[in-house]
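# Summary of the model geometry
So the chains spell out like this:
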Amino acid sequence: MRRIRALIGKELVDLLRNRAALVPVVVVTLVSLIMPFMIIFVIPRLSGQTLARDPDLARVSRVVGAHGSLAADGQIQYFLFQQFLTLFLMTPITGAMALASHSIVGEKQARTLEPLLATPITTVELLIAKVLGAVLPTLGISLVGLAVYFGGIAAFAAPGVSRAMVSARTLLLITVVGPGAALVALQAAIVISSRVNDARTAQQFGVLLIIPLIGLLVAQFSGSLWLSATALGFIGLGLFGVWILLTLVSAALFQRESILTKWK
Amino acid sequence: MISASHLTRRFDARVAVDDVSFEVAKSEIVAILGPNGAGKTTTLRMLAGLIEPSAGAVTIDGVQLTRATANSLRARIGFLTEAPGLWDRLTVRENLRVYAGLYGLAVPELAVNHALEQFELSDRDATAAAELSKGMRQKVALARTLMHDPPVLLLDEPTSGLDPEIRRSVRNLLEERRRAGCSILVSTHNLDEAERLADRVAVLDRRLLALDRPSNLRQRLTTGRLVVRVAGDPKTILPVVRRFDAEALVNDGLLILNFGDGHLERDTPSLVSALVGAGARVLEVRPEIPALEDVYLHLVADSSRQIVDGAKAERS
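Further remarks concern the overall build of chain B. If you tally the helices and strands in chain B, you get eleven helices and 14 strands. Taken over the C-alpha trace, chain B has a radius of gyration of 25 Å; the compact-globule value for 316 residues is 20 Å, which it surpasses by more than 25%. Along the three orthogonal principal directions, the C-alpha set of chain B runs to about 75 × 55 × 35 Å. Looking at the 316 residues of chain B, the share that counts as buried comes to 41%.

So this is what it looks like as C-alpha cells:
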C-alpha cells in the first residue's frame, strides 16, 4: 500500500507541474456542464417553446417513472438531468485517456521505468498506482463539476427537480458507476500503454476506448436506456469486477523484460 | 553477497551473456570491464532481477533469485541504471521521497534528508531534476540508489559524466560502503577507475574472460620487456647488453630491453651479472608491467579472434 501511495503521490505532483495535461479533462467537463443547461434552459427560452411541448421528449421522459410532485416540464428536466449526469460522469474519462495511455510508455521514453522496476514494487502495484494516478485527478475535476451541476439544478430547475435528483440512483451513479467506468477505461488504456512501444500508438489505440462511451450516449438520448438503481448497483459492481480482472490480465500481459530490452 | 552461477542470456538467436560465473563477497568491490555490447548491462539486469537468465542462477545473500523472491530481494539491492532516470518535473527531494516510499522506509523524510546531506545536495533539494546538470543528475541517482542502505550494490557506469571532483567523492563513498560490508559490482569503461576502486576486475565479452585482482591481471600479460636504470648515461652500457638476444632502446634515461617472446626470465640474471661485471652501477632492474588497459585490450582482442574463428569453423 505504501508503494502504491508513493507512486500515486508522484503522479499527482507530476500532473500538478504539468497542468496543461489536464486541460482536455477540464474542457470536456466544462462542455458537459454547459451543454445540459443550454439544452434545458437556454434553447427553450430562445425558441420560446417549453420542453413539455415537445411530444417526443415528453414520451421518452416517461421512462423515469412518475414523479408525482413534478410538473410536466419538471419531469422532462429531471429525465434530462439524470441522462446528462451519466454523460457528465463518463466524458472526463475521454480527457484522461491520453494521460493513461502515456503512463507506461512515457516512463520508458523518459528512461525512468528501469529504476522504478528495480524497486520492490510489484507489477500489480505499479498498474494500480498508474490507473489511480489518472483516475483521481479526473474524478476530482468531475466532483467540482458535479457541485456546479447540482448548484445549477438547485438554482434554475423547476420546483422539485433538485429534490428528485437526490436519490439512490444518483448516488450510485456518482459513487460507483462513474468511478468504476473510469477505472475500467483507464486501466484498459494502461494495458495498451504497456503493450505498445511509443506514445503516439498508445494514444491512437486509446481513442478506440471512447467508442463504447459514444454508444452509451446515443442509447441514453434515444430514451432506450434507463437503468434503475438496482441495475446501476449491479453495473457498478460489475465494473469494479471487470477492473480487478483487467488489472490481473494487464499484470500478466506486462512484460518487464520486453519493455526494458526491446523498446527503444 | 552476490553469486552468479553459469549465467546465460539469449535474445532470440543472439547470446548476450554466455555461461558467466562469479561471486562478489561482502566488503568487496568487483568491476566489470568490457566493450560495448559485451553483456555488462544485461548481467547487471539479471542480477537485479529485472530480466531472467536463459540458464544459470543468481543468489543474493544466500537466497536464490526467482520470480517468487525477486520483489523482496530487490529491497536488498541498490541498482544504479545506465541513465539517471529522474522525473524531470519533480524536485530532487520529491524524486528521493518517492523512492523512499517505494522502498518502504520507516521514516522516509529522515532517509531523504540523510541522502541529501551525504551527497551534498541539500542546497539543491528544491530544484527540479530537469534543471540539473548531467553530473548533478547522476549524483541524485546515486543518492537514490544508496538511500535504503542496501547490502548489495549494482552500479552501471556510476561515474559516467562526472567531473573529477565528484568522481573522487563517489569513489570515497563506495569505499565507505565497502567498509560497511556491502557487496558492490560496478560496470565501467574507465580502466583507471576500475584499478583504483575494485578489489577484483572481471573482463567480460559475453563470456567471462578473466576475473582477478588488477595486479594479478597485469602480471598475466608479459610484455617481454626489461627496464634497466643505471647511474649515469645508459648508452655507456649498450655494448654489454648487445651480447644478449634483445632489442635495446634508451628512453628517458632508462634502458629498455625487448626480449620479445624470448627468454626474459632466463637471461635477466646473466644480464645483471654482465652489467655489474662491466662496472655499471645498477640502480633498478624490473620487468615492464603492462597497464590494465593493455591487459584488457589483449583479452578482448583474443576473445574477438576466437569468436571470428568459431564462426568461420561453423560456416565451414
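Right, let's talk about the sheet that holds strand E1 (residues 2–11) of chain B for a bit. Residues and elements named next belong to chain B. Strand order in the open sheet made by the four strands is E2-E1-E4-E5, with antiparallel pairing throughout. Two strands close off the open sheet at either side, each with one partner strand: strand E2 (14–24) and strand E5 (63–64). Bridge count for E1 against E2 is seven bridges, and the pairing is antiparallel. The residue of E2 that forms the bridge with Arg10 is Val15. Against the sheet, helix H1 (residues 40–47) touches E1, E2 and strand E4 (55–60), its axis set at about 120° to E1.

This part is about unusual backbone geometry. Residues and elements named next belong to chain B. Residues other than glycine seldom take positive phi values, yet Arg206 does so here, at roughly 70°. Examined against the element boundaries, Arg206 turns out to sit in the loop between strand E9 (200–205) and strand E10 (207–212). The backbone of Asp252 sits at a positive phi, close to 55°, despite the residue not being glycine. Inspection of the secondary structure assignment puts Asp252 in the loop between strand E12 (247–251) and strand E13 (254–258).

Secondary-structure assignment places Leu209(B) in strand E10. Along the sequence, Leu209(B) and Leu33(B) sit 176 residues apart, while their C-alpha atoms lie 10.0 Å from each other.

Turning to the environment of Asn190(B), a few remarks are in order. Mapped onto the elements of the fold, Asn190(B) is located in the loop between strand E8 (183–187) and helix H7 (191–197). Separated by 30 residues in sequence, Asn190(B) and Ser160(B) have C-alpha atoms that sit 8.6 Å apart.

Every α-helix carries 3.6 residues per turn, so stepping three or four residues along brings you back to the same face. Residues and elements named next belong to chain A. Along its 25 residues, helix H11 (residues 229–253) runs 35 Å from first to last C-alpha, staying within 8% of the 36 Å computed at 1.5 Å per residue. Three or more residues of H11 are buried, namely Leu239, Trp243, Leu246, Thr247 and Ser250. Against the buried residues of H11 lie helix H6 (123–156) and helix H8 (168–195).

Take the sheet that holds E12(B) next. All names here are of chain B. On the basis of which strands lie adjacent, the open sheet formed by four strands has the order E12-E13-E11-E14 and antiparallel pairing. Because the sheet does not close on itself, it has two edges, and the strands there are E12 and strand E14 (282–287). Going across the sheet, the axis of each strand differs from the next one's by a mean of 20°, ignoring polarity. Each of strand E11 (225–230) and E14 is contacted by helix H10 (residues 264–277), which is oriented at about 170° to E14, the strand it contacts most.

Segmentation of chain B into domains returns domain 1 (2–219) and domain 2 (223–287). Computed over C-alpha atoms only, the centres of domain 1 of chain B and domain 2 of chain B are separated by 46 Å.

Contacts between chain B and chain A engage 25 residues on the former and 25 residues on the latter. Elements supplying a minimum of two residues to the side of chain B that touches chain A: helix H2 (67–74) and helix H3 (92–102) of chain B. The residue makeup of the side of chain B that touches chain A, split by class, is 14 nonpolar, six polar and five charged.

Turning next to the nonpolar core. If you look at the biggest cluster of nonpolar residues, it comprises 140 residues, and the most contacted ones within it are Val131(A), Leu186(A), Ala31(B) and Leu154(B). Here this core takes 17 residues from helix H4 (residues 72–109) of chain A, the largest share from any one element. Among residues more than four places away in sequence, those in contact with Leu186(A) are Ile93(A), Ala96(A), Ala100(A), Val131(A), Ala134(A) and Val135(A). Counting residues in each nonpolar core, the second largest holds eleven residues, with Val241(B), Leu257(B), Leu271(B) and Ala280(B) among its members.

Turning our eyes to something else, we now look at the packing of helix H1 (residues 2–17) of chain A against H3(B). Close contact between H1(A) and H3(B) brings their axes to 7 Å; oriented N to C, the two are set at 160°. Classed by the angle they form, the pair H1(A) and H3(B) counts as roughly antiparallel. Viewed along their axes, H1(A) and H3(B) form a crossing whose handedness is left-handed. Contact residues: Arg2(A), Arg3(A), Arg5(A), Ala6(A), Leu7(A), Gly9(A), Lys10(A) and Val13(A) in H1(A); Glu94(B), Val98(B), Gly101(B) and Leu102(B) in H3(B).

Right, let's get into the packing of helix H2 (residues 23–47) of chain A against H6(A). Between two packed helices, both the angle of their axes relative to each other and the distance between the axes serve to describe the pair. Residues and elements named next belong to chain A. Contact pair H2 / H6: the axes reach a minimum separation of 10 Å and the direction vectors enclose 15°. Judged by the inter-axis angle, H2 sits roughly parallel to H6. For the pair H2 and H6, the crossing hand works out as right-handed. Facing Val25, Val26, Thr29, Leu33, Phe37 and Phe41 of H2, the residues of H6 in contact are Thr138, Ile141, Ser142, Gly145, Val148, Tyr149, Gly152 and Phe156. When its residues are assigned to classes, the contact of H2 with H6 shows nine nonpolar, five polar and no charged.

With that settled, the discussion passes to the pairing of E4(B). Residues and elements named next belong to chain B. Relative to E4, E1 runs antiparallel, the two being bridged by five bridges. Paired with Ile2 across the bridge in E4 is Ile60. Pairing analysis gives two bridges linking E4 to E5, with the strands arranged antiparallel. Bridging across to E5, Thr59 finds its partner in Gln64. Remark: two residues form the turn of the hairpin made by E4 and E5, two consecutive strands paired antiparallel; Asp61 in that turn has positive phi of roughly 45°.

For the rest of this paragraph, the subject is the environment of Gln219(B). Within the secondary structure, Gln219(B) sits in helix H8 (residues 214–220). In this structure, the C-alpha to C-alpha distance between Gln219(B) and Leu292(B), residues 73 residues apart in sequence, is 9.5 Å.

The rules we used
Residues numbered from 1 in each chain as written. Chains lettered and ligands numbered in written order. Predicted model: local features only at pLDDT ≥ 70, side-chain atom pairs only at ≥ 80, totals over all residues. Helix = DSSP H or I, 4+ residues; strand = E, 2+ residues; numbered from the N terminus. Rg over C-alpha atoms; globule rule 2.2 N^0.38 Å. Buried ≥ 20, exposed ≤ 12 C-beta atoms within 10 Å, placed from the backbone. Pairing = 2+ DSSP bridges. Contact = placed C-beta atoms within 7 Å. Axes fitted to C-alpha atoms, helices over the stretch in contact; angles between N-to-C directions. Expected span 1.5 Å × (residues − 1). Domains from an automatic or database assignment. Nonpolar A, V, L, I, M, F, W, Y, C, P; charged D, E, K, R; others polar. Core = buried A, V, L, I, M, F, W, Y, C linked by C-beta atoms within 7 Å. Parallel < 35°, antiparallel > 145°, perpendicular 65-115°, else oblique. Left-handed = near helix turned anticlockwise from the far one by under 90°.

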